[in-house]
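Here is how the chains run, residue by residue.
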Amino acid sequence: MATLIPTLTLSCADATTDLINFSVVDNLNITKAVIAPSKIKLSTGDLTLFAAASYTKSYVYLKNTDDTIAINIEITDGNDTIQLAAKEFAFFPWTSGSDIIAFSASGTPYLEYAIFEA
């Protein structure tokens, strides 16, 4: 078993009356990196990025590498949608109960992705 160590740091001096400055670190036990960081060119058509039947509980990393085009991520239970604007990223746990679908708002941006099975 391997350990994946995600770290999130948030800091800002002018968003609220209080200074924001904190970091969260976790140690996640993973069995393997099923897909190490890779890139794929998307289009406006749906692409099943991760099929639920192919994975167990996992941690998903996604990054829109484009400078202008948004990328839409849907989890096919119909309730969960993420829109990654240019250069935005996401890291989240996924129970693999539904497929993860990706498509671009327009054009053909690249999506960087990885999945780590727990």
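All values reported here derive from a predicted model rather than from experimental measurement. (Residues numbered from 1 in each chain as written. Predicted model: local features only at pLDDT ≥ 70, side-chain atom pairs only at ≥ 80, totals over all residues. Heavy atoms only, no water.)

Engineer: Quick one: what's the story with the sheet that holds strand E8 (residues 71-75), residue by residue and with numbers?
Structural biologist: Spatially, the 4 strands line up as an open sheet ordered E6-E11-E8-E9, and their pairing is antiparallel. A single partner strand is all that each edge strand has here, and the edge strands are strand E6 (47-50) and strand E9 (80-84). Strand-to-strand twist across the sheet, computed as the mean angle between neighbouring axes with direction ignored, equals 30°. Direction of pairing for E8 relative to E9: antiparallel, over a ladder of 5 bridges. Of the residues in E9, the one forming a bridge with Ile 71 is Leu 84. (Pairing = 2+ DSSP bridges. Helix = DSSP H or I, 4+ residues; strand = E, 2+ residues; numbered from the N terminus. Axes fitted to C-alpha atoms, helices over the stretch in contact; angles between N-to-C directions.)

Engineer: Got a sec to walk through the environment of Ser 54? Specific residues and values, please.
Structural biologist: Tracing the backbone through its elements, the reader meets Ser 54 in the loop between E6 and strand E7 (58-64). Judged by relative accessible area, which is 51%, Ser 54 ranks as exposed. For the pair Ser 54 and Asp 99, spaced 45 residues apart in sequence, the C-alpha separation works out to 9.4 Å. (Buried < 20%, exposed > 50% of the residue type's maximum accessible area, 1.4 Å probe, protein only.)

Engineer: Outline the nonpolar core, supporting the account with residue identities and numerical values.
Structural biologist: Ranked by size, the top nonpolar core spans 19 residues in total, and within it Phe 50, Leu 62, Trp 94 and Leu 111 carry the most contacts. Contributing elements (two or more residues each) for this core: E6, E7, E8, strand E10 (89-94), strand E11 (100-104) and strand E12 (110-117). The residues contacting Trp 94, other than those within four sequence positions of it, are Phe 50, Ala 51, Ala 52, Tyr 55, Thr 56, Lys 57, Ser 58, Val 60, Ile 75, Ile 100 and Ile 115. (Core = buried A, V, L, I, M, F, W, Y, C linked by side-chain atoms within 4.5 Å. Contact = heavy atoms within 4.5 Å.)

Engineer: A description of a nonpolar patch on the surface should follow, citing residues and the corresponding values.
Structural biologist: Residues Leu 8, Leu 10, Phe 22 and Val 24 make up a contiguous nonpolar surface patch of roughly 340 Å² in combined accessible area. Overall, the relative accessible area of 43% leaves Phe 22 in the partly exposed class. (Patch = residues over 30% accessible without salt bridge, like charges linked within 9 Å, V, L, I, M, F, W, Y side chains within 5 Å. Areas by Shrake-Rupley, 256 points an atom, 1.4 Å probe, with all protein chains shown as cover. Salt bridge = Lys/Arg side-chain N within 4 Å of Asp/Glu carboxyl O.)

Engineer: Help me get a handle on the pattern of salt bridges, residues and values and all.
Structural biologist: In the structure shown here, the tally under the stated rule is 1 salt bridge. A salt bridge links Lys 87 to Asp 67; the nearest nitrogen and oxygen atoms lie 3.2 Å apart. Here Lys 87, found in the loop between E9 and E10, pairs with Asp 67, found in the loop between E7 and E8; they are 20 residues apart in sequence, far enough to count as distant. Relative accessible area serves as the criterion here: at 42%, Lys 87 is assigned to the partly exposed category. Among the residues examined, Asp 67 registers a relative accessible area of 60% and is labelled exposed.

Read these as geometric descriptors, not functional statements.
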